[in-house]
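Next come the chains, spelled out residue by residue.
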Amino acid sequence: MPPERNGLEAAEDTRRCAWAVKDPLMRAYHDEEWGIPQRDGRMLWEMLMLEGFQAGLAWITILRKREAFRAGFAGFDPARVARFGAAETERLMADPGIVRSRAKIGAVIAGARIYQAMLERGEDFSGFAWSFTGGQPLVGDGRHLPAKTPLSEEISRELKRRGFKFVGPTIVYAWMQAVGVVNDHAADCFCRQRDELRALA
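Residues numbered from 1 in each chain as written. Predicted model: local features only at pLDDT ≥ 70, side-chain atom pairs only at ≥ 80, totals over all residues. Heavy atoms only, no water.

- The name given to the protein chain in an unreviewed UniProt entry is DNA-3-methyladenine glycosylase I, with the source organism recorded as Roseomonas marmotae.

Put into structure tokens, the structure is as follows:
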């Protein structure tokens, strides 16, 4: 469900981050998802897996294929994906609706198994993701969008230590922005203030 609209969003000429202005799908993603603090562990994992598929590609490519990804990966249910084997891998490799990369498909299956292993140890993925910022979103300066940061490098190292793949510091920073671990909306974007207020709620 989209976030509730308020006075900040009512005007047709609402200012947005420059990357979200032209394409309607990117605009909806920006307005309704990007930068909003995500606390659901499964959704945080799904977004990390999708960011991994983006490696070497534009995010709009992944966004346009997202529903096909969800269908192919059993709704990104980690418990189900963790049981995928050779047959499911070949099915996904034959699916024209997704990015057909054997390495990336394998990374999602492995990632699901790591997610499940964390749960079995009593470690929630949301708690893990937010532990690096003390549970609170970081706020960018509203002018610069770094490709990576020392924190994304730290998180990347920890994810790799656990066995995750396609989680380099640039991918991890894009994920942090997407799920609201960092609020990187432009200074004049209507979402910046909205998400700051949401984080305090």
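Alright, that's what it looks like, and here's the rest.
**With respect to the packing of aromatic side chains**
Part 1 of the argument: Scanning all chains against the criterion turns up 13 aromatic pairs.
Part 2 of the argument: Ring centres of Trp45 and Phe76 lie 6.0 Å apart, and the angle between their planes is 70°; on these two criteria the pair is classed as edge-to-face. Here Phe76 lies in the loop between helix H5 (66-72) and helix H6 (78-81) and Trp45 lies in helix H3 (residues 41-54), a separation of 31 residues in the sequence. We note that Trp45, like Phe76, is buried.
Part 3 of the argument: Between the aromatic rings of Phe73 and Phe84, the centroid separation amounts to 6.4 Å while the plane-to-plane angle is 15°, which identifies the pairing as stacked. Of this pair, Phe73 sits in the loop between H5 and H6 while Phe84 sits in the loop between H6 and helix H7 (86-93), placing them 11 residues apart in sequence.
Part 4 of the argument: Residue classification places Phe73 among the buried positions, given a relative accessible area of 0%. (Phe/Tyr/Trp six-rings, centres within 6.5 Å; stacked < 30°, edge-to-face > 60°. Helix = DSSP H or I, 4+ residues; strand = E, 2+ residues; numbered from the N terminus. Buried < 20%, exposed > 50% of the residue type's maximum accessible area, 1.4 Å probe, protein only.)

**Let's talk about the nonpolar core**
Part 1 of the argument: Grouped together as the largest cluster of nonpolar side chains are 54 residues, with contacts concentrated most on Trp45, Met47, Phe69, Phe73, Phe125, Trp175 and Met176.
Part 2 of the argument: Of all elements in the fold, only helix H2 (24-32), H3, helix H4 (59-64), helix H8 (102-120), helix H9 (125-131), helix H10 (150-162), helix H11 (169-178) and helix H12 (190-200) reach the threshold of two or more residues within this core.
Part 3 of the argument: If we skip the residues at most four places from it in the chain, Met176 touches Leu151, Ser152, Ile155, Val181 and Val182. (Core = buried A, V, L, I, M, F, W, Y, C linked by side-chain atoms within 4.5 Å. Contact = heavy atoms within 4.5 Å.)

**Considering empty space enclosed by the protein**
Part 1 of the argument: All chains considered together, the criterion is met by 1 cavity of 30 Å³ or more.
Part 2 of the argument: Considered as a void within the structure, the largest cavity measures approximately 40 Å³ in volume.
Part 3 of the argument: Every residue along the wall of the largest cavity is listed here: Leu48, Met49, Gly52, Phe53, Lys104, Ala107, Val108, Lys165 and Phe166.
Part 4 of the argument: Where the lining of the largest cavity is concerned, the elements lending two or more residues are H3 and H8. (1 Å grid on protein atoms, 1.4 Å probe; cavity = no way out; pocket = protein on both sides within 12 Å on 5 of 7 lines; lining within 4 Å. Points joined across faces, edges and corners; volume = space filled by probe spheres on them.)

**Brief notes about the packing of H10 against H11**
Part 1 of the argument: For the pair H10 and H11, the least separation of the axes is 8 Å and the interaxial angle reads 110°. The orientation of H10 with respect to H11, classified from their angle, is roughly perpendicular. On the side of H10, the interface is formed by Leu151, Ser152, Glu153, Ile155, Ser156 and Leu159, while H11 contributes Pro169, Val172, Tyr173, Trp175 and Met176.
Part 2 of the argument: Across the contact of H10 with H11, the residue classes tally to 8 nonpolar, 2 polar and 1 charged. (Axes fitted to C-alpha atoms, helices over the stretch in contact; angles between N-to-C directions. Parallel < 35°, antiparallel > 145°, perpendicular 65-115°, else oblique. Nonpolar A, V, L, I, M, F, W, Y, C, P; charged D, E, K, R; others polar.)

**What to know about the side chain of Asn183**
Part 1 of the argument: Position of Asn183 relative to the elements: it lies in strand E2 (residues 182-183).
Part 2 of the argument: In this structure Asn183 comes out as buried when scored by relative accessible area, which is 3%.
Part 3 of the argument: Within polar-contact distance, the side chain of Asn183 engages the backbone nitrogen of His185 at 3.2 Å. (Polar contact = N/O pair within 3.5 Å; in protein donor to acceptor, adjacent residues only side chain to side chain.)

**Quick look at the pattern of salt bridges**
Part 1 of the argument: Across all of its chains, the model carries 13 salt bridges by this definition.
Part 2 of the argument: With a shortest N-O distance of 3.1 Å, Asp23 and Arg64 are connected by a salt bridge. Taken together, the residues Asp23 in the loop between helix H1 (7-10) and H2 and Arg64 in helix H4 connect sequence positions 41 residues apart.
Part 3 of the argument: For Asp23, a relative accessible area of 22% corresponds to the partly exposed category.
Part 4 of the argument: Because the salt bridges share partners, they merge into one network encompassing Arg121, Glu123, Glu158, Arg161 and Arg162. (Salt bridge = Lys/Arg side-chain N within 4 Å of Asp/Glu carboxyl O.)

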